[in-house]
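Structural characterization, general
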Amino acid sequence: ALYRAKADGGDRASVFDINMQESLRKNNELSLAMHNSVINRDFCIYLQPKQNQNEQLIGAEALVRWVHPKLGVLAPDAFIKMAEETNAILPIGNLVLERSCEQLKLWQLEESTQHLQLSVNLSAKQIWQSTFYQDIINIVEAYDIDHSKLILEVTESVLIQDVNDATEKLEKLRNYGIRISLDDFGTGYSSLNYLRSLPLDEIKIDRSFIQDVAQDTQAQVMVKSILDLAESFHLKVVSEGVETREQIEVLRKLGNTFYQGYFFSKPLPINEFHEKYLKNKES
Ligand code: C2E
Ligand code: CA
Ligand code: CA
Ligand code: CA
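In the nomenclature of an unreviewed UniProt entry, the protein corresponds to EAL domain-containing protein from the organism Marinomonas sargassi.

Now the structure itself:
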């Protein structure tokens, strides 16, 4: 295609070519920087609070950030895709889990914070590793945490490879006491099937449903159906991306009791999270 464009006589091809090279160069640079950052452990977690129906803090979700030596703090959109492609997500995922268990351990030392749960996102790539189950157990045991306070968030993407394998591994973790949550619920192709096959404790209704729930009665019907379904499967339901008071009111009326979103707080660095939510509670 490049050759033909050139033969047509335009400068387009070379401009295209240069843009391609430029973006390839940037990608190589980023992937090299990521490689170095994995070695230097330049990754941290931000915490986004999770609230119950009384708007009390019940826990948080750990969201990875890359503390890039030159560019500063980067959100997952800027690097997760590449991390998955290069398998850097494997050491990064372990790091996130270590940081999360470290935090859980600290909470569990204080009576006022003992009850808090922490949710950690898993990449499908992690789950597909043959060492996955043991990797998780090793970290959990090293930090000696209460298993039931750790929630692992998975998406349907874990199942595109080997449903039985993923189900078996998650089942083992669940038997060990760790909780399993299905993230981005409603966005995949067959969310309903996964409700049946996956060992789950919780589902998280995707932000796209929550966005319209205050104005749109169809969105309300959808959310209500998801809540009914979850109830019959004995699953907790968290609404993601709650941004307004109206959304909370509507969700509460529909029967939903757990919320996460900018309305309460965006994800915060750990120290800011403590400053905002736990300061006057800690002795
Ligand atoms: P997610 O797991 O669905 O996480 C929720 C994302 O929505 C977070 O973005 C959060 O900041 C954002 N969010 C929360 N509340 C609101 C809201 O009210 N409005 C809007 N517009 N957005 C809200 P973030 O931190 O940029 O993370 C993006 C995605 O990156 C996550 O989506 C998750 O899929 C992935 N991710 C984050 N941390 C990890 C990790 O440690 N490992 C893996 N494998 N993936 C991660
Ligand atoms: Ca998540
Ligand atoms: Ca989500
Ligand atoms: Ca997502």
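1. Notes on the coordination of the calcium ion (ligand 3)
Geometry sets the ideal angles at a metal, namely 109.5 degrees for four tetrahedral donors and 90 or 180 degrees for six octahedral donors. Around the calcium ion (ligand 3), the protein supplies Asp183 (OD), Asp184 (OD), Glu240 (OE) and Glu240 (OE) as donor atoms, at distances of 2.2 to 2.4 Å. The sequence motif formed by the donor residues of the calcium ion (ligand 3) is D-D-x55-E. Look at Asp183 and you get buried, because its relative accessible area is 8%.

2. Looking at the nonpolar core
Counting 76 residues, the largest nonpolar core has Leu152, Leu173 and Ile203 as its most contacted members. Element by element, the count of residues in this core is highest for helix 4 (residues 89–109), at 9 residues.

3. Examining the packing of helix 4 against helix 6 (residues 132–143)
As a packed pair, helix 4 and helix 6 sit with axes 9 Å apart at the nearest point and diverge in direction by 30°. By the angle class used here, helix 4 and helix 6 are roughly parallel. Viewed along their axes, helix 4 and helix 6 form a crossing whose handedness is right-handed. Seen from helix 4, the contacting residues are Asn94, Leu97, Glu98, Cys101, Glu102 and Lys105; seen from helix 6, they are Asp135, Ile136, Ile139, Val140 and Tyr143.

4. Brief notes about unusual backbone geometry
Residues other than glycine seldom take positive phi values, yet Glu55 does so here, at roughly 60°. Summarising the element assignment, Glu55 is placed in the loop between strand 1 (43–51) and strand 2 (57–68). You can call Glu55 partly exposed: its relative accessible area is 26%. Although it is not a glycine, Asp184 adopts a positive phi angle of roughly 55°. Of note, Asp184 is situated in strand 6 (residues 179–185). Overall, Asp184 belongs to the partly exposed group, its relative accessible area being 27%.

5. Some remarks on the pairing of strand 8 (residues 236–239)
Summarising the sheet, strand 7 (residues 202–205) and strand 8 pair through 4 bridges and their orientation is parallel. Considered in strand 8, the bridge of Glu202 is made with Lys236. Handedness of the crossover joining strand 8 and strand 9 (residues 258–259) through helix 11 (residues 245–254) is recorded here as right-handed.

6. Topic: the environment of Ala33
Locating Ala33 in the fold gives a position in helix 2 (residues 12–40). Placed 38 residues apart in sequence, Ala33 and Leu71 show a C-alpha to C-alpha distance of 11 Å. If we skip the residues at most four places from it in the chain, Ala33 touches Trp66 and His68.

7. Quick word on helix 12 (residues 270–277)
Three or more residues of helix 12 are buried, namely Phe273, His274 and Tyr277. Down the axis of helix 12, the buried side of the element spans an arc of 95°, and every buried residue falls inside it. Check the buried side of helix 12 and you find it contacts strand 1, strand 2, helix 4 and strand 10 (268–269).

8. Some remarks on the pairing of strand 2
Counting buried positions over the 12 residues of strand 2 gives 11, a clear majority of the element. Here strand 1 pairs with strand 2 via 9 bridges, running antiparallel. Pairing of Gln48 across the sheet is with Glu61, part of strand 2. Remark: 5 residues form the turn of the hairpin made by strand 1 and strand 2, two consecutive strands paired antiparallel; Glu55 in that turn has positive phi of roughly 60°. In the sheet, strand 2 pairs with strand 4 (residues 117–121) via 4 bridges, with the strands oriented parallel. The partner of Ala60 across the bridge, within strand 4, is Leu118. As paired elements, strand 2 and strand 3 (residues 72–74) share 3 bridges and run antiparallel to each other. Residue pairing in the sheet places His68 in a bridge with Gly72 of strand 3.

Thresholds applied
- Residues numbered from 1 in each chain as written.
- Chains lettered and ligands numbered in written order.
- Predicted model: local features only at pLDDT ≥ 70, side-chain atom pairs only at ≥ 80, totals over all residues.
- Heavy atoms only, no water.
- Donors = N, O, S within 2.8 Å, 3.2 Å for Na, K, Ca; no water.
- Buried < 20%, exposed > 50% of the residue type's maximum accessible area, 1.4 Å probe, protein only.
- Core = buried A, V, L, I, M, F, W, Y, C linked by side-chain atoms within 4.5 Å.
- Helix = DSSP H or I, 4+ residues; strand = E, 2+ residues; numbered from the N terminus.
- Axes fitted to C-alpha atoms, helices over the stretch in contact; angles between N-to-C directions.
- Parallel < 35°, antiparallel > 145°, perpendicular 65-115°, else oblique.
- Left-handed = near helix turned anticlockwise from the far one by under 90°.
- Contact = heavy atoms within 4.5 Å.
- Pairing = 2+ DSSP bridges.
- Right-handed = clockwise from strand over helix to strand, strands pointing away.
- Arc of directions from axis to C-beta.

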